[in-house]
Amino acid sequence: MTELRPLTDNDLAAVQQLDLLCFEGDAFASGWWHKAVSGQGAFASVAWQDDRLLGYCLFSRVLDEAELLRIAIAPDARQRGLGARLLSHAETALRESGTAQLFLEVRLSNQPAQQLYRRAGWQQSGRRKDYYPLADGREDALIFSRTL
Ligand SMILES: CC(C)(COP(=O)(O)OP(=O)(O)OC[C@H]1O[C@@H](n2cnc3c(N)ncnc32)[C@H](O)[C@@H]1OP(=O)(O)O)[C@@H](O)C(=O)NCCC(=O)NCCS
């Protein structure tokens, strides 16, 4: 059975290892994981099955707004609904602790993530031209938002 729960100190090594794997060496700044553990300006959920971390998501928080900074599922556990369950788990926890508005930025080319967000009730609310660097140029960011 998969267990979904908020990030704790005990998850930090596994979450940073999976983050490195899923983002090909572009690990998210470690300070954010510590903020999420302490609940100071960030929130994160994790998905464990047996002794293996299968996914995580990380939000920054300011007042009643939160931004999705990262979400990832282990490559061999994708397209089985876990990303959607994890996002829903985090959204419920955020709503219960006072968050009302969510937003995120996603690469134009990241179709799996956009499909996940749309199916979860997020809507595209903007676009930033040439926002992300590519090996050979730049790529637009789409902005998605959702009211809780
Ligand atoms: C984005 C990601 C988290 C999705 O996780 P997942 O567990 O595979 O997603 P789910 O199985 O819950 O799927 C959610 C929806 O997205 C769709 N989807 C997921 N992967 C897809 C793909 N590769 N192609 C098309 N649709 C896809 C699913 O079909 C589902 O929609 P449906 O209900 O209409 O069938 C996962 O692909 C991932 O870890 N990607 C790498 C990290 C990343 O890019 N993160 C986002 C930026 S921070």
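All of these numbers come straight from a predicted model, not from anything done at the bench.

What counts, and at which threshold
Along each chain, residue indices are assigned from 1 in the same order as the chain's sequence is written. Whole-chain, interface and lining totals are the exception, using all residues; otherwise, since this is a predicted model, local features are given only for residues with pLDDT of at least 70 and side-chain atom pairs are given and counted only at 80 or more. The basis for the side-chain values is all heavy atoms of the structure; hydrogens and waters are excluded. Should DSSP find at least two bridges between two strands, the strands are regarded as paired. Put simply, DSSP H or I for four residues or longer makes a helix, DSSP E for two residues or longer makes a strand, and each gets a number counted from the N terminus. Geometry is summarised by axes, namely lines fitted to C-alpha atoms with helices restricted to the contacting stretch, and by angles between N-to-C directions that run from 0 to 180 degrees. A contact between two residues is defined here by any heavy atoms of the two lying within 4.5 Å. UniProt positions are given in the numbering used here, feature names are shortened, and annotations may be inferred rather than shown by experiment. Any N or O atom pair separated by 3.5 Å or less is treated as a polar contact, with the protein-specific requirement of one donor-capable and one acceptor-capable atom, and with residues adjacent in sequence counted only for side-chain atom pairs. A cutoff of 4 Å decides nearness: a residue is near a molecule or strand if any of its heavy atoms lies inside that distance of it. Each accessible area value is a Shrake-Rupley result obtained with a 1.4 Å probe; residue values ignore everything except the protein chains displayed when judging cover. In this classification, Asp, Glu, Lys and Arg are treated as charged, Ala, Val, Leu, Ile, Met, Phe, Trp, Tyr, Cys and Pro as nonpolar, and every other residue, Gly included, as polar.

Engineer: Can you break down the sheet that holds strand β1 (residues 2-6) residue by residue, with the values?
Structural biologist: Taken in spatial order, the 7 strands line up as β1-β2-β3-β4-β5-β7-β6 in an open sheet, and their pairing is mixed. A single partner strand is all that each edge strand has here, and the edge strands are β1 and β6 (123-134). Across the sheet, the axes of successive neighbouring strands diverge by a mean angle of 25°, strand direction being ignored. Relative to strand β3 (residues 52-62), strand β2 (residues 42-49) runs antiparallel, the two being bridged by 8 bridges. Bridging across to β3, S45 finds its partner in C57. Lying over the sheet, helix α4 (residues 111-119) contacts β4 (65-73), β5 (101-107), β6 and β7 (137-147), oriented at roughly 160° with respect to β5.

Engineer: Please set out the UniProt feature "domain: N-acetyltransferase" (unreviewed entry) in the protein chain residue by residue, giving values where relevant.
Structural biologist: Per the UniProt record, "domain: N-acetyltransferase" (unreviewed entry) is annotated on residues 2-148. For the annotated span residues 2-148, helix accounts for 30% and strand for 43% of the residues, and the straight-line distance between the end C-alpha atoms is 25 Å.

Engineer: Can you tell me about the side chain of D140, naming the residues and giving the values?
Structural biologist: For D140, the location among the structural elements is in strand β7. Here the side chain of D140 touches R127 through a polar contact of 2.9 Å, side chain to side chain. Dropping the residues within four chain positions of it, D140 is found in contact with V106, R107, L108, R127, R128, K129, D130, Y131 and Y132.

Engineer: Go over the site of the ligand, please, and point to the residues and values.
Structural biologist: Surveying the vicinity of the ligand reveals 19 residues, the closest of which are I71, Q79, G81, G83 and N110. Interatomic distance of 2.8 Å between a backbone N/O atom of G83 and an oxygen atom of the ligand. At 2.9 Å, a backbone N or O of A84 approaches an oxygen atom of the ligand. Protein coverage of the free-state accessible area of the ligand, which is 920 Å², stands at 74%. Those elements that provide at least two residues to the shell around the ligand are β4, α3 (82-96) and α4. With 6 residues, the single largest contributor to the shell around the ligand is α4. Of the residues in the shell around the ligand, the class split is 10 nonpolar, 5 polar and 4 charged.

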